[in-house]
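Coordinate inspection notes
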Amino acid sequence: MIGNYVHRFRSLNSTNTLALNYASKNEPFNGTVILADYQRHGRGQYGRKWSNTALESLLMSVILKPQTLLIKEQYILSMFSAITVAETISYFLPQEDVFIKWPNDIYVGRKKISGILIENIIAGKSFKNSIIGIGVNVSQQSFPDHLPNPVSLYSFLEDLTPSVETVLDILCDKMNYYYQYINGQHYSELTALYQSKLLDFGCNISYLNMSSNEQEQGILEGVLMDGSIVLRSENNQKKTFQLREIKLIV
Amino acid sequence: MMNFKEIQELIKQINRTNIAEFKIKQQDFEISIRTDKLTKNNKTTEVVHAAPQLIAPSMPQFPQATPPPAAPTPAPAAESKPTVKEEAPAKDDSNYIEIKSPMVGTFYRSSSPDKPAFVKVGDKVDVGSVVCIVEAMKLFNEIESEVSGTIVKVLVEDAQPIEYDQVIYLVDPKG
């Protein structure tokens, strides 16, 4: 069960780094959670910084052992994480529109409330561990200037803002529910759910085509199971892009 | 005609010397033995190189120390040298184990741009050592080695795209 074992730390460099080390030296239970009240060097994607103050954010990593998932199906982990975090935010903010910004940032309206960093350990042809690192802005009242468009649960709930532990409880519930989809290999259901929460789904969006370096427009038609994005251009042409090939202009 | 034991003894004796080629003819029996002693790296101690090539069409059941292509046809002495030279490096590589990419993505040699590489040429790896990261769609995959040995070659540049099953490292299992 996800969240049955929670290792809580006052301060860590990064919950993902600790989880990776922990998983490589021990045999952690599936669903073991590493929780930090504060992260000194929280990491975003491949070295990018994630800033926070003690107990203002949910800073956690969950160690999963997806036994039936194939390496080529790994984007399912991204969908699983984004769906569970988005539903957790919706639980606390039922009146707000909560979106997944492709590939896996969580937005309330057009502001970012959560980021996800997934690091897997692969041995041979299968996953040994999948470390899902999640940061959720919970009680921040102000943010550093360098963050472009941040928002926290406090921005909406003020005095009714839940504690970090309560947010973790709900997130673990959601994860336990949707983990059955992974175990049961219900990947197309997960994909459909992920797609339904996509920011700007069905809308005309601007993007930078990285190969031509030109700004183009297209209707966001969806995301495939491998994570690539599908856009329909003005002349009704369907185009599929990998993450590196495109930059969305939000 | 020599028997199996005699041929075996002959090979042993030749191997102990510096003889590069040896031929003997008795009536309709002929045997020619070639070693790598003439090639540049005549100091080599590897078993594969030290074993002489035996050309004895009359005794096909004799265990061959080298793969078939060169062995079955008796070659004139002059042609033998280049053959041996070409084979040596190929055999070298075949002793190495390949570490291949389990997926399509971007190859990274270190955990972040300011960190040292997980492994470089000359480093020892064990089963379970992390050798690189392959990133795909913002999922970062630490790839663990399934073999132990010494890294002898790095075949992919840092931050380059990588294909499924593409060879990333060559590992010398004896190193």
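Residues numbered from 1 in each chain as written. Chains lettered and ligands numbered in written order. Predicted model: local features only at pLDDT ≥ 70, side-chain atom pairs only at ≥ 80, totals over all residues. Heavy atoms only, no water.

What follows deals with the packing of aromatic side chains. All names here are of chain A. Tallied over the entire structure, the rule returns nine aromatic pairs over all chains. Here Tyr91 and Phe92 contribute two aromatic rings whose centre-to-centre distance is 5.0 Å and whose plane-to-plane angle is 85°, an arrangement assigned as edge-to-face. One aromatic cluster is present, built from ring pairs that chain together Tyr177, Tyr178 and Tyr181. (Phe/Tyr/Trp six-rings, centres within 6.5 Å; stacked < 30°, edge-to-face > 60°.)

Turning to the pairing of strand E2 (residues 29–34) of chain B, a few remarks are in order. Residue and element names in this part refer to chain B. Most of E2 is tucked away, with five of its six residues classed as buried. Alignment of strand E1 (residues 21–26) against E2, held across six bridges, turns out to be antiparallel. Across the sheet, the residue bridging to Lys23 is Ser32, located in E2. In this structure, the hairpin formed by E1 and E2 is closed by a connection of two residues, where Gln27 is found at a positive phi of approximately 50°. (Buried < 20%, exposed > 50% of the residue type's maximum accessible area, 1.4 Å probe, protein only. Helix = DSSP H or I, 4+ residues; strand = E, 2+ residues; numbered from the N terminus. Pairing = 2+ DSSP bridges.)

This paragraph deals with the packing of helix H4 (residues 164–183) of chain A against helix H5 (residues 187–196) of chain A. Residues and elements named next belong to chain A. Two numbers describe how H4 lies on H5: the axes approach to 8 Å, and their chain directions differ by 130°. Comparing their axes, H5 and H4 come out oblique. Residues Tyr178, Tyr181 and Ile182 of H4 form the contact with H5, whose participating residues are Tyr187, Glu189, Leu190 and Leu193. For the contact of H4 with H5, the per-class residue count stands at six nonpolar, no polar and one charged. (Axes fitted to C-alpha atoms, helices over the stretch in contact; angles between N-to-C directions. Parallel < 35°, antiparallel > 145°, perpendicular 65-115°, else oblique. Contact = heavy atoms within 4.5 Å. Nonpolar A, V, L, I, M, F, W, Y, C, P; charged D, E, K, R; others polar.)

Turning next to the packing of helix H2 (residues 75–92) of chain A against H4(A). Residues and elements named next belong to chain A. Between H2 and H4, the shortest axis-to-axis distance is 9 Å and the interhelical angle comes to 140°. Considering the angle they form, H2 stands oblique to H4. The hand of the H2/H4 crossing is right-handed. Facing Ile76, Leu77, Phe80, Ile83, Thr84, Val85, Glu87, Thr88, Tyr91 and Phe92 of H2, the residues of H4 in contact are Thr166, Val167, Ile170, Leu171, Lys174, Met175, Tyr178, Tyr179 and Ile182. (Left-handed = near helix turned anticlockwise from the far one by under 90°.)

On to the pattern of salt bridges, then. Tallied over the entire structure, the rule returns 13 salt bridges over all chains. Glu144(B) is paired through a salt bridge with Lys128(A); the nearest N and O atoms lie 2.7 Å apart. Highlighted residues: Glu144(B) in strand E8 (residues 139–144) and Lys128(A) in strand E7 (residues 126–137), drawn from two different chains. Assessed through its relative accessible area of 7%, Glu144(B) is described here as buried. (Salt bridge = Lys/Arg side-chain N within 4 Å of Asp/Glu carboxyl O.)

Another point: the interface of chain A and chain B. With 30 residues of chain A at the contact, the number on the chain B side is 20 residues. Taking both partners together, chain A and chain B bury about 2200 Å²; carbon and sulfur atoms supply 56% of that area. Counting every contact that joins chain A to chain B gives two salt bridges. There are nine residue pairs in polar contact (both at pLDDT 80 or more) connecting chain A and chain B. (Buried area = accessible area lost by both parts, 1.4 Å probe. Polar contact = N/O pair within 3.5 Å; in protein donor to acceptor, adjacent residues only side chain to side chain.)

With that out of the way, let us pick up the pairing of strand E4 (residues 98–101) of chain A. Residue and element names in this part refer to chain A. In this sheet, strand E5 (residues 105–108) lies alongside E4 in antiparallel orientation, the contact comprising four bridges. When the sheet's bridge partners are listed, Ile100 is paired in E5 with Ile106. The antiparallel hairpin formed by E4 and E5 contains three residues in its connecting segment.

What follows deals with the nonpolar core. Burial of nonpolar side chains together is a common tendency in soluble globular proteins. Residues and elements named next belong to chain A. Of all hydrophobic cores here, the largest spans 79 residues; its most connected members are Leu58, Ile89, Trp102 and Tyr194. With 11 residues, the single largest contributor to this core is H2. Setting aside its immediate chain neighbours within four residues, Tyr194 contacts Tyr75, Met79, Ala82, Ile83, Ile100, Trp102, Pro103 and Val223. Formed by nine residues, the second largest nonpolar core is a distinct cluster that contains Ala19, Ile34, Ala36 and Ile121. (Core = buried A, V, L, I, M, F, W, Y, C linked by side-chain atoms within 4.5 Å.)

Strand pairing within a sheet occurs via backbone hydrogen bonds; the two strands may be parallel or antiparallel. Residues and elements named next belong to chain A. Strand order in this open sheet of five strands is E11-E10-E9-E8-E12, and the pairing throughout is antiparallel. Of all strands in the sheet, those bounded by a partner on one side alone are strand E11 (238–241) and strand E12 (246–249). On average, adjacent strands in this sheet sit at an angle of 45° to one another, irrespective of strand direction. Note: strand E8 (residues 204–209) against E12, four bridges, orientation antiparallel. Within the sheet, the bridge partner assigned to Asn209 lies in E12 and is Ile246.

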